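Reading the structure
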Amino acid sequence: MRIFVAGMSYRSAPVAVRERYTVTAALLPDRDAKLVRSAGLDEGAIVSTCNRTEIVGVSRAGDAGLERMHRFLHAELGDGSASAAHVYELRDGEAVRHLFRVAGGLDSMVLGEAQILGQLKLAYGAAVEARSTGPVLNRLFQHSFRTAKRIRHETGLGAASVSVARVGVQLAREI
């Protein structure tokens with residue numbers, strides 16, 4: 001079994017490209033179910049926020065599973081306009097580490113942004129509803145939630161209420 005992440009974020013793609021790959025919360029369960037069926041994954045979940053769209057997948061097919069995730073990303077979630085430079089892929093330990101960093105707010109535009117954890121939980125809930133998760137992703141997401149809690153509790157990262165919107169308002173007041 002291999003764990004993969006394929007997607008784009010504010011680090012890899014401009015907002016104009018990311019907007020064309022956004023999946024609304026209402027559509028997530030349907031897209032998750034379709035992801036597992038059409039991409040031939042053993043398990044899969046889509047994470048879509050204002051700053052990222054990613055597929056987290058588990059496959060016994062090795063890199064062929066990752067290729068199918070890329071095709072699904074372009075054909076089903078977006079319009080195919082993202083270039084290879086916009087889309088990143090992570091495997092196994094890198095994918096796990098990435099999900100932990102996202103959950104903990106360490107891979108956000110604003111370090112420690114708390115909203116991302118809620119968005120990740122929403123994405124996981126949609127995947128569970130779609131029955132597109134299994135033992136690997138269930139455990140991975142649960143561990144990522146616990147890791148986020150530890151990050152906030154042990155480092156004080158979540159002590160101040162931080163979000164992209166709050167930072168924008170603060171900056172506007174200063175200007």
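Please refer to the structure placed before this passage.
Because the structure is a prediction, the values reported are computed rather than measured.

With that settled, consider the nonpolar core. In terms of nonpolar packing, the biggest core is built from 42 residues, with Ile46, Ile55 and Phe141 touching the most fellow members. In terms of residue count, the dominant contributor to this core is helix α5 (residues 115-130) (six residues). Leave out the neighbours within four places in its chain, and Phe141 touches Ala45, Leu99, Leu120 and Tyr124.

Tallied over the entire structure, the rule returns 10 salt bridges. Measuring nitrogen to oxygen at the nearest pair gives 3.2 Å for the salt bridge that ties Arg91 to Asp63. Here Arg91, found in strand β4 (residues 88-91), pairs with Asp63, found in helix α3 (residues 63-77); they are 28 residues apart in sequence, far enough to count as distant. You can call Arg91 partly exposed: its relative accessible area is 28%. By relative accessible area, which is 38% here, Asp63 ends up partly exposed. Glu89 serves as the salt-bridge partner of Arg91, at 3.2 Å between the closest nitrogen and oxygen. Given the relative accessible area of 33%, Glu89 is considered partly exposed. Here the salt bridges do not stand alone but share partners, grouping Arg2, Asp63, Glu89, Arg91 and Asp92 into one network.

The next point concerns the packing of aromatic side chains. In total, this model carries three aromatic pairs according to the counting rule given. For the pair Tyr124 and Phe141, a centre-to-centre distance of 5.0 Å together with 25° between the ring planes defines the contact as stacked. Of this pair, Tyr124 sits in helix α5 while Phe141 sits in helix α6 (residues 135-155), and the two are 17 residues apart along the sequence. Neither Tyr124 nor Phe141 differs from the other in exposure class; each is buried.

If you trace the four strands from one edge of the open sheet to the other, you get β2-β3-β1-β4, paired in antiparallel fashion. Taken across any chain shown, the strands that pair with only one partner, and hence form the sheet edges, are β2 (43-49) and β4. Adjacent strand axes in the sheet meet at a mean angle of 15°, parallel and antiparallel pairs treated alike. Where strand β1 (residues 2-9) lies against strand β3 (residues 52-59), eight bridges are found, and the strand directions are antiparallel. In the sheet register, Val5 faces β3, and the bridge partner there is Val56.

Covered by surrounding structure in β4 are Tyr88 and Leu90 only, the residues Glu89 and Arg91 on the alternate face being uncovered. Summarising the sheet, β1 and β4 pair through four bridges and their orientation is antiparallel. The residue bridging Phe4 from the neighbouring strand is Arg91, located in β4.

Right, let's get into α5. The end-to-end C-alpha distance of α5, which contains 16 residues, comes to 23 Å, matching closely the 22 Å that a straight helix rising 1.5 Å per residue would cover. For α5, the set of buried residues is Ile116, Leu117, Leu120, Ala123, Tyr124, Ala126, Ala127 and Ala130. Against the buried residues of α5 lie α2 (28-39), β2, β3, α4 (92-103) and α6. Phi for Arg131, located one or two positions after α5, is positive at around 60°.

Right, let's get into the packing of α2 against α5. Between α2 and α5, the shortest axis-to-axis distance is 8 Å and the interhelical angle comes to 60°. Accordingly, the angle class assigned to the pair α2 and α5 is oblique. Remark: the crossing between α2 and α5 carries right-handed chirality. Taking contact as the criterion, the partners of Leu28, Pro29, Asp32 and Ala33 in α2 are, on α5, Ala123, Ala126, Ala127, Glu129 and Ala130. Here the contact of α2 with α5 is built from residues that sort into seven nonpolar, no polar and two charged.

Scoring rules and cut-offs
Residues numbered from 1 in each chain as written. Predicted model: local features only at pLDDT ≥ 70, side-chain atom pairs only at ≥ 80, totals over all residues. Heavy atoms only, no water. Core = buried A, V, L, I, M, F, W, Y, C linked by side-chain atoms within 4.5 Å. Buried < 20%, exposed > 50% of the residue type's maximum accessible area, 1.4 Å probe, protein only. Helix = DSSP H or I, 4+ residues; strand = E, 2+ residues; numbered from the N terminus. Contact = heavy atoms within 4.5 Å. Salt bridge = Lys/Arg side-chain N within 4 Å of Asp/Glu carboxyl O. Phe/Tyr/Trp six-rings, centres within 6.5 Å; stacked < 30°, edge-to-face > 60°. Pairing = 2+ DSSP bridges. Axes fitted to C-alpha atoms, helices over the stretch in contact; angles between N-to-C directions. Expected span 1.5 Å × (residues − 1). Parallel < 35°, antiparallel > 145°, perpendicular 65-115°, else oblique. Left-handed = near helix turned anticlockwise from the far one by under 90°. Nonpolar A, V, L, I, M, F, W, Y, C, P; charged D, E, K, R; others polar.

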